[in-house]
Amino acid sequence: MATTERKPLLLDFEKPLAELANRIEQIRQLAEENGVDVSSQIRQLETRAMQLREEIFSSLTPTQRLQVARHPRRPSTLDYIQAITDEWMELHGDRGGSDDPALVGGVARLGGQPVVMLGHQKGRDTKDNIARNFGMASPGGYRKAMRLMEHANKFSMPVITFIDTPGALPTVVAEQGGQGEAIAYNLREMFRLEVPIICTVIGEGGSGGALGIGVGDRLMMFEHSVYTVATPEACAAILWKDSSKAPQATLALKITSNDLKNLGIIDQILTEPVGGAHSDPLQAAQTLKQALLDNLEELVRLTPQQRRQLRYEKFRAIGSFQELDVS
């Protein structure tokens with residue numbers, strides 16, 4: 001049976017890696033054709049390729065990290081759920097007449113423990129992305145999320161959310177359906193839930209669309225993910241009336257995991273495989289699973305009152321400042 005491999009989707013800064021890989025393959029083919037042993041040279045080049053990959057991905061600019069976060073083959077919510085859970089049953093509908101495919105959720109078993117998992121879901125290609133609104137949830141999606149979280153609270157199941165959206169669905173119909181109210185309602189209600197809540201930014205976390213499922217006891221973030229009040233393109237259009245200034249906005253917004261950890265907004269950075277999560281999804285999933293289990297082990301020891309108080313204090317501390325006496 002013939003098999004075909006998917007051609008890798010290369011980002012601009014990955015081109016030197018592709019050129020080196022092509023060179024290695026050419027040398028290997030020539031050696032086979034001429035019966036020459038070049039194994040030592042191949043090993044040296046492969047070592048150099050690994051070193052170059054590590055150098056590139058350890059020094060990415062904010063704009064390059066944004067490219068990685070938006071990579072079409074970056075693992076999605078459903079990819080991670082299927083990789084880390086023992087059982088999974090997706091639930092549909094907001095009980096108000098809609099079922100938003102841009103936000104998925106259901107009940108699962110993680111490490112033998114029943115949990116509720118939900119998150120934004122992007123598509124793999126143009127057709128799938130259109131069907132899922134590019135991961136931009138409608139009011140019905142956030143109401144579905146809240147319904148699932150209420151279910152978790154009723155049956156004492158931890159809530160695990162995965163954030164991966166450029167923002168909430170920006171349409172007139174969504175606004176007429178109460179987009180702002182749906183997100184605000186989720187923000188308020190997530191603070192009062194008694195069960196543990198762990199949120200993870202797995203790709204792009206943008207604006208209120210991310211916050212609608214982002215209030216938790218722990219906020220984790222993959223190394224090359226981004227989390228921002230608005231997309232750099234939107235920020236540039238607002239501030240400079242020029243979307244071409246998006247790279248400048250990307251730098252100013254402090255959207256990377258390291259920036260957000262230093263600012264005290266996120267609690268933990270999850271290391272990605274060299275080359276990004278899309279280069280080894282199973283390894284990325286294992287890292288995520290272990291982090292979830294470790295945090296759940298800590299959170300279940302607390303009382304509901306303690307969790308709610310710590311959750312409140314965590315978010316009250318964001319954006320803190322000091323007044324200096326200049327008299």
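A brief structural summary. Not measured: the values here are computed from a predicted model.

Thresholds, definitions, all that
Residues numbered from 1 in each chain as written. Predicted model: local features only at pLDDT ≥ 70, side-chain atom pairs only at ≥ 80, totals over all residues. Heavy atoms only, no water. Helix = DSSP H or I, 4+ residues; strand = E, 2+ residues; numbered from the N terminus. Rg over C-alpha atoms; globule rule 2.2 N^0.38 Å. Buried < 20%, exposed > 50% of the residue type's maximum accessible area, 1.4 Å probe, protein only. Contact = heavy atoms within 4.5 Å. Areas by Shrake-Rupley, 256 points an atom, 1.4 Å probe, with all protein chains shown as cover. Lys, Arg positive; Asp, Glu negative; His and termini not counted. Charge placed at Lys NZ, Arg CZ, Asp CG, Glu CD. Patch = residues over 30% accessible without salt bridge, like charges linked within 9 Å, V, L, I, M, F, W, Y side chains within 5 Å. Salt bridge = Lys/Arg side-chain N within 4 Å of Asp/Glu carboxyl O. Arc of directions from axis to C-beta. Phe/Tyr/Trp six-rings, centres within 6.5 Å; stacked < 30°, edge-to-face > 60°. Lys NZ or Arg CZ within 6 Å of the ring centre and 35° of its normal. Expected span 1.5 Å × (residues − 1).

Brief notes about the overall build of the protein chain
Each helix and strand counted, the protein chain has 14 helices and eight strands in total. By the compact-globule yardstick of 20 Å for 327 residues, the protein chain fits well, its C-alpha radius of gyration being 22 Å. Summarising its shape, the C-alpha atoms of the protein chain cover approximately 70 × 60 × 40 Å along the three principal directions. By residue count, 45% of the 327 residues in the protein chain fall in the buried class. In the protein chain, 72% of the contacts between residues at least 6 apart in sequence involve partners at least 24 apart. Just so you have it, the protein chain exposes about 17,000 Å², and 53% of that area is on carbon and sulfur atoms. Positive and negative charge centroids in the protein chain, built from 36 and 41 side chains respectively, lie 3 Å apart.

A few points about a nonpolar patch on the surface
Taken together, the side chains of Ile238, Leu239 and Trp240 present a nonpolar region at the surface, about 310 Å² in accessible area. Positionally, Leu239 belongs in helix α10 (residues 232-239).

A look at α10
Since the α-helix packs 3.6 residues into each turn, any two residues three or four apart lie on the same face. Every buried residue of α10 is listed here: Pro232, Cys235 and Ala236. What you see down the axis of α10 is that its buried residues fit within an arc of 100 degrees, all on one side. Taken together, the buried residues of α10 touch α3 (62-69) and α11 (246-253). Lys241 sits one or two positions beyond α10 and adopts a positive phi of about 55 degrees.

Some thoughts on the packing of aromatic side chains
Per the counting criterion, the structure on display carries two aromatic pairs. Considering the side-chain rings of Tyr80 and Phe222, the 5.5 Å spacing of their centres and the 15 degrees angle between planes classify their relative orientation as stacked. Here Phe222 lies in strand β6 (residues 218-222) and Tyr80 lies in helix α4 (residues 77-84), a separation of 142 residues in the sequence. The buried category is assigned to Phe222, whose relative accessible area is 0%. Geometrically, the ring pair formed by Phe191 and Phe315 is edge-to-face, given 5.3 Å between the ring centres and 80 degrees between the ring planes. Taken together, the positions of Phe191 in helix α8 (residues 179-192) and Phe315 in helix α14 (residues 304-316) put the pair 124 residues apart, joining distant regions of the chain. For Phe315, a relative accessible area of 21% translates into the label partly exposed. Positioned above the aromatic ring of Phe315 is the side chain of Lys314, whose terminal nitrogen or guanidinium carbon lies 5.7 Å from the ring centre.

Quick look at the environment of Met221
The topology assignment puts Met221 in strand β6. Spatially, the C-alpha atoms of Met221 and Asp164 are 11 Å apart, while their sequence positions differ by 57 residues. Beyond its immediate chain neighbours, meaning those up to four positions away, Met221 contacts Thr200, Val201, Val226, Tyr227, Ile255, Thr256, Ser257, Leu260, Ile266, Gln268, Ile269 and Leu270.

Overview of α14
The first and last C-alpha atoms of α14 sit 18 Å apart over 13 residues, in line with the 18 Å expected at 1.5 Å per residue. Turning to α14, its buried residues number three or more, namely Arg307, Arg311 and Lys314. Seen end-on, α14 carries its buried residues on one side only, within an arc spanning 65 degrees. In the core, the buried residues of α14 are packed alongside α8, β5 (197-206), β6 and α13 (281-299).

Some points on the environment of Gln67
Secondary-structure assignment places Gln67 in helix α3. Look at Gln67 and you get partly exposed, because its relative accessible area is 27%. Spatially, the C-alpha atoms of Gln67 and Leu9 are 12 Å apart, while their sequence positions differ by 58 residues. In contact with Gln67, not counting residues within four places along its chain, are Leu11, Asp12 and Phe13.

Things to note about unusual backbone geometry
With a phi angle near 55 degrees, Asn133 is a residue other than glycine that sits in the positive phi range. Here Asn133 shows up in the loop between α5 (126-131) and α6 (139-154). Look at Asn133 and you get partly exposed, because its relative accessible area is 26%. Even without a glycine there, the phi angle at Lys254 is positive, about 55 degrees.

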